[in-house]
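# Structure at a glance
Now for the letters of each chain:
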Amino acid sequence: MSALDLSRWQFAITTVYHFLFVPITIGTSFLVAGMQTAWVRTGNEKWLRATKFFGKLFLINFAMGVVTGIVQEFQFGMNWSDYSRFVGDIFGAPLAIEGLLAFFLESTFLGLWIFGWDRLPKKLHLATIWLAASGTLLSAYFILAANSFMQHPVGYTVNPVTQRAEMTDIGEVLLQPLAMITFAHVITMAFLVSGLFVAGISGWLLFKNKSVDVVRSTLKLGSITAIVAFVLVGWTGDMQATKMVEIQPMKMAAAEAQWDTAAPAPFSLFTIGTLDGSAPIFSVEVPHGLSLLATHSWDGEVQGINDLQAQYEQQFGPGDYRPNIPMAYWNFRLMIGFGALGALIAAYMLWATRKDRIPTSKWFPRIALLGIVMPLLGSSTGWIFTEMGRQPWIVFGLMQTSQGVSPTITPLYVILSMGIFTLLYGGLAVVEVGLLMRAVKIGPPDAVEDNYPDKLGEERPLTVTY
């Protein structure tokens with residue numbers, strides 16, 4: 001394999017691994033803030049115990065997300081220096097704002113939340129977790145704005161002297177419609193992931209008959225959050241699909257293996273056989289489905305891969321502008337399928353625990369834990385589709401992926417670094433799972449006393465009993 005192929009593999013591995021922690025962190029921060037708010041407003045101790053328990057799980061994931069995220073940014077200089085040299089002035093701006101503003105906001109107030117128990121007044125301490133959670137949203141937005149530039153470059157000009165892209169309008173880069181739509185889709189997906197994270201762990205503890213008063217409420221909170229989020233994921237995904245047809249029609253054509261332009265175009269639920277344009281062995285289609293999805297019209301025209309390939313050859317010159325069709329086709333379906341299964345599991349857990357029932361079936365805890373995995377797989381396959389569907393472009397229409405790799409990098413260097421990262425990430429995964437399992441087995445504390453000071457400066461001892 002070439003240095004280019006290996007560098008793509010390395011970035012894919014580190015990115016997918018990092019993004020396992022991101023949606024859990026974003027959504028769970030708000031759910032923990034909601035639990036603490038419920039305690040402050042009602043005085044019901046179960047919500048304080050829930051806050052302490054899920055706050056610990058949130059912090060474990062936050063730490064892992066920070067560590068793995070740092071490695072990602074190093075790769076822009078190590079493996080993709082030509083890309084960084086060409087668009088670094090534009091791509092780096094939202095990332096710099098994220099680091100200097102959003103990350104400092106979330107980390108500062110998260111530190112105050114961690115060390116402010118029984119040191120800050122109750123409502124002031126509550127404000128710190130809400131501000132930390134808001135920081136995660138800002139971080140996500142600036143990172144997604146940078147990614148949206150790669151999907152749809154705007155607000156720039158190419159300097160003919162330096163042969164580098166230079167920013168002309170930072171407002172257009174940060175506020176383009178694609179960035180806003182993508183942000184909405186990713187955040188609703190984060191709540192789907194975190195809702196099932198909370199519900200799945202609560203379901204397992206409920207089956208084990210641990211802290212029933214706490215986990216019954218958190219199971220309901222997580223399941224309802226996941227179901228509502230799934231509906232919103234579908235809505236924002238529809239907006240993203242129509243925008244994708246406008247700016248990257250090849251990606252939509254690849255997602256459907258739509259080789260020839262059609263009006264109306266059917267939606268393929270699944271296909272058995274080849275996806276290379278020849279007749280499939282077996283296919284299940286929804287008539288007019290793709291026209292409705294792509295154009296919101298019953299008989300809307302959807303461009304095919306062959307016509308788009310000819311169009312891009314005229315526009316950009318000779319070359320193969322088709323992404324990996326099977327990867328785009330199947331990851332698009334897996335993204336939807338895993339998300340839908342997660343929502344179904346959330347609905348099942350609500351049904352199985354209705355009227356204060358405690359499930360006794362041995363399948364219930366297994367299904368509950370499976371519910372944690374489903375949306376994580378959905379988000380991962382969704383990102384694989386998003387990035388693979390853009391190929392061969394690293395910045396769509398502006399720079400191909402093959403042009404962005406570092407010119408002096410060698411396959412041996414990438415193999416060594418990828419091997420080290422893989423071993424390191426494997427070790428971190430063992431630590432992460434071990435810490436989570438240990439915390440979950442302990443469960444929520446049996447009792448937590450309210451020792452908050454009445455005013456800033458007072459300090460009282462915290463009592464937590466497990």
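Scroll up a little and you will see the structure.
Presented here is a report on the structure given in the accompanying data block. These figures come from a predicted structure and were not determined experimentally.

Judged by nonpolar contacts, the single largest core of 64 residues is most densely connected at F54, L57, I201 and M349. With 14 residues, the single largest contributor to this core is helix 7 (residues 177–207). If we skip the residues at most four places from it in the chain, I201 touches F53, F54, L57, I372 and V440. Judged by nonpolar contacts, the second largest core, of 26 residues, contains L290, Y329, F385 and F396.

What follows deals with a nonpolar patch on the surface. Taken together, the side chains of L269, F270, V286, W330 and L334 define a hydrophobic patch exposed on the protein surface, amounting to about 390 Å² of accessible area. Mapped onto the nonpolar patch, the elements with two or more residues apiece are strand 3 (267–272) and helix 12 (325–352). In this fold, F270 is placed in strand 3.

Topologically, T188 is positioned in helix 7. What makes T188 buried here is its relative accessible area of 13%.

Here the focus is the pairing of strand 1 (residues 156–159). Where strand 1 lies against strand 2 (residues 164–167), 4 bridges are found, and the strand directions are antiparallel. The residue bridging N159 from the neighbouring strand is R164, located in strand 2. Counted along the chain from strand 1 to the antiparallel partner strand 2, the turn is 4 residues long, and its residue Q163 has a positive phi close to 55°.

All right, on to helix 4 (residues 81–115) then. In an α-helix, one full turn covers 3.6 residues, which means residues spaced three or four apart are oriented alike. Look at helix 4: only 40 Å from first C-alpha to last across 35 residues, short of the 51 Å you get at 1.5 Å a residue. Remark: the principal bend of helix 4, roughly 85°, maps to V87.

Below, the discussion takes up the packing of aromatic side chains. On inspection of all chains with the given rule, the structure shows 27 aromatic pairs. Arranged with centres 4.8 Å apart and planes meeting at 70°, the rings of F53 and F54 form a pair that is edge-to-face. Between Y348 and F364, the aromatic rings sit 6.0 Å apart at their centres with planes inclined by 45°, giving tilted as the arrangement. Of this pair, Y348 sits in helix 12 while F364 sits in helix 13 (residues 363–388), placing them 16 residues apart in sequence. Overall, Y348 belongs to the partly exposed group, its relative accessible area being 26%. One aromatic cluster is present, built from ring pairs that chain together Y312, F316, Y321, W393 and F396.

Calculation criteria
- Residues numbered from 1 in each chain as written.
- Predicted model: local features only at pLDDT ≥ 70, side-chain atom pairs only at ≥ 80, totals over all residues.
- Heavy atoms only, no water.
- Core = buried A, V, L, I, M, F, W, Y, C linked by side-chain atoms within 4.5 Å.
- Buried < 20%, exposed > 50% of the residue type's maximum accessible area, 1.4 Å probe, protein only.
- Helix = DSSP H or I, 4+ residues; strand = E, 2+ residues; numbered from the N terminus.
- Contact = heavy atoms within 4.5 Å.
- Patch = residues over 30% accessible without salt bridge, like charges linked within 9 Å, V, L, I, M, F, W, Y side chains within 5 Å.
- Areas by Shrake-Rupley, 256 points an atom, 1.4 Å probe, with all protein chains shown as cover.
- Salt bridge = Lys/Arg side-chain N within 4 Å of Asp/Glu carboxyl O.
- Pairing = 2+ DSSP bridges.
- Expected span 1.5 Å × (residues − 1).
- Bend = angle between axes of the 7 residues up to and from the residue.
- Phe/Tyr/Trp six-rings, centres within 6.5 Å; stacked < 30°, edge-to-face > 60°.

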